[in-house]
Amino acid sequence: DEVAQLKTAIEITDNALQYVMKHLEPGMAEYQAQADFEYQIMYQGADGTSFPTIAGSGANGTMLHYETNRDICEDGTLLLMDLGAKYQGYCADITRTYPVNGHFTQQQRAVYEVVLEANRTIAKTARPGMTLRELNDVCKKVLAEGCIRLGLIENEEEIGTYYMHSVSHHLGIDVHDVNTLENDKLLPGMVISDEPGLYIDEWEIGIRIEDDLLITEDGCEVLSEQIIRDPDEIEGFMQNR
Ligand code: GLY
Ligand code: MN
Ligand code: MN
């Protein structure tokens, strides 16, 4: 029953994100993208937001709990939106990062691909018996290898410069639900986030891709699989709107 409520919260979030993508354009204020999202979730019967909506364009996307949302989304920048609908007490927690004008630059796409690889690797790796710490170690390795390829760092230990949070937290009735210790093992039925990110001030690029995972008997189910994250799909959606 709880998973069904969460799936509805995620579906409402997905529909609202599609509305945001349909209307996003250069010159809009961050709070207008926030308003598009929040209008759409309330219209669909959500209780409200799971937490204050984060809508950070350009360098604002590199601030982890940016919720001022007062800047203009400039042409050529990315808009990072970390948000979620709460439905009958259950919280979705999703992040997507969109190009404001509908096209990723080469540099933005290169960073995006690294974050996406980390997100997908965690979804393939998470299973019962693992700890959140182990998952974060897997995430850090993928991000570090990517940052070395991008020429941002020289060795894996430097990844803390561009990735300074953890990839997972428990999720449910609270967006940061009752946490087990970092070394406690995951069990089937637990729901956790999958949220790698890279925050590169000097390039004014902040990218996070966050999904919600249900731990199953032998792996996990990505409850938010349907929310588009592939860069070609995002560009296609925004061009055909
Ligand atoms: N939106 C809060 C978080 O992703 O943990
Ligand atoms: Mn989030
Ligand atoms: Mn989260």
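Caption draft 1: Up close: the coordination of the manganese ion (ligand 3). For the manganese ion (ligand 3), the protein coordination sphere consists of Asp93 (OD), His169 (NE2), Glu195 (OE) and Glu210 (OE), at 2.1 to 2.2 Å. Geometry at the manganese ion (ligand 3) is irregular, judged from its six donor atoms and the angles of 51 to 162 degrees they form at the metal. Read in sequence order, the donor residues for the manganese ion (ligand 3) give the motif D-x75-H-x25-E-x14-E. A separation of 3.3 Å is found between the manganese ion (ligand 3) and the manganese ion (ligand 2), which are bridged by Asp93. Of the two residues, Asp93 sits in the loop between strand E5 (90-91) and strand E6 (94-99) while Glu195 sits in the loop between strand E7 (191-194) and strand E8 (197-200), which places them 102 residues apart along the sequence. Here Asp93 matches Glu195 in class, with each residue buried.

Caption draft 2: Structural detail: helix H5 (residues 231-239). Inspection of H5 places Pro231, Ile234, Glu235 and Met238 among the buried residues, and these make up the whole buried set. The buried residues of H5 occupy one face: seen down the axis, they fall within an arc of 95 degrees. In this fold, the buried residues of H5 make contact with helix H1 (2-23), E6 and helix H3 (106-125). Where H5 starts, the residue carrying a side-chain oxygen 2.9 Å from the main-chain nitrogen of Asp232 turns out to be Asp230.

Caption draft 3: Layout of the coordination of the manganese ion (ligand 2). Protein ligation of the manganese ion (ligand 2) involves Asp82 (OD), Asp82 (OD), Asp93 (OD) and Glu210 (OE), the donor distances falling in the range 2.0 to 2.6 Å. What the six donor atoms of the manganese ion (ligand 2) show is an angle range of 55 to 168 degrees at the metal, which sorts the shape as irregular. Mapping the donors of the manganese ion (ligand 2) onto the primary sequence yields the spacing D-x10-D-x116-E. Accessibility expressed as a relative area gives 3% for Asp93, which makes it buried.

The rules we used
Residues numbered from 1 in each chain as written. Chains lettered and ligands numbered in written order. Predicted model: local features only at pLDDT ≥ 70, side-chain atom pairs only at ≥ 80, totals over all residues. Heavy atoms only, no water. Donors = N, O, S within 2.8 Å, 3.2 Å for Na, K, Ca; no water. Tetrahedral: all angles 85-135°; square planar, octahedral: opposite > 155°, others 65-115°. Helix = DSSP H or I, 4+ residues; strand = E, 2+ residues; numbered from the N terminus. Buried < 20%, exposed > 50% of the residue type's maximum accessible area, 1.4 Å probe, protein only. Arc of directions from axis to C-beta. Contact = heavy atoms within 4.5 Å. Polar contact = N/O pair within 3.5 Å; in protein donor to acceptor, adjacent residues only side chain to side chain.

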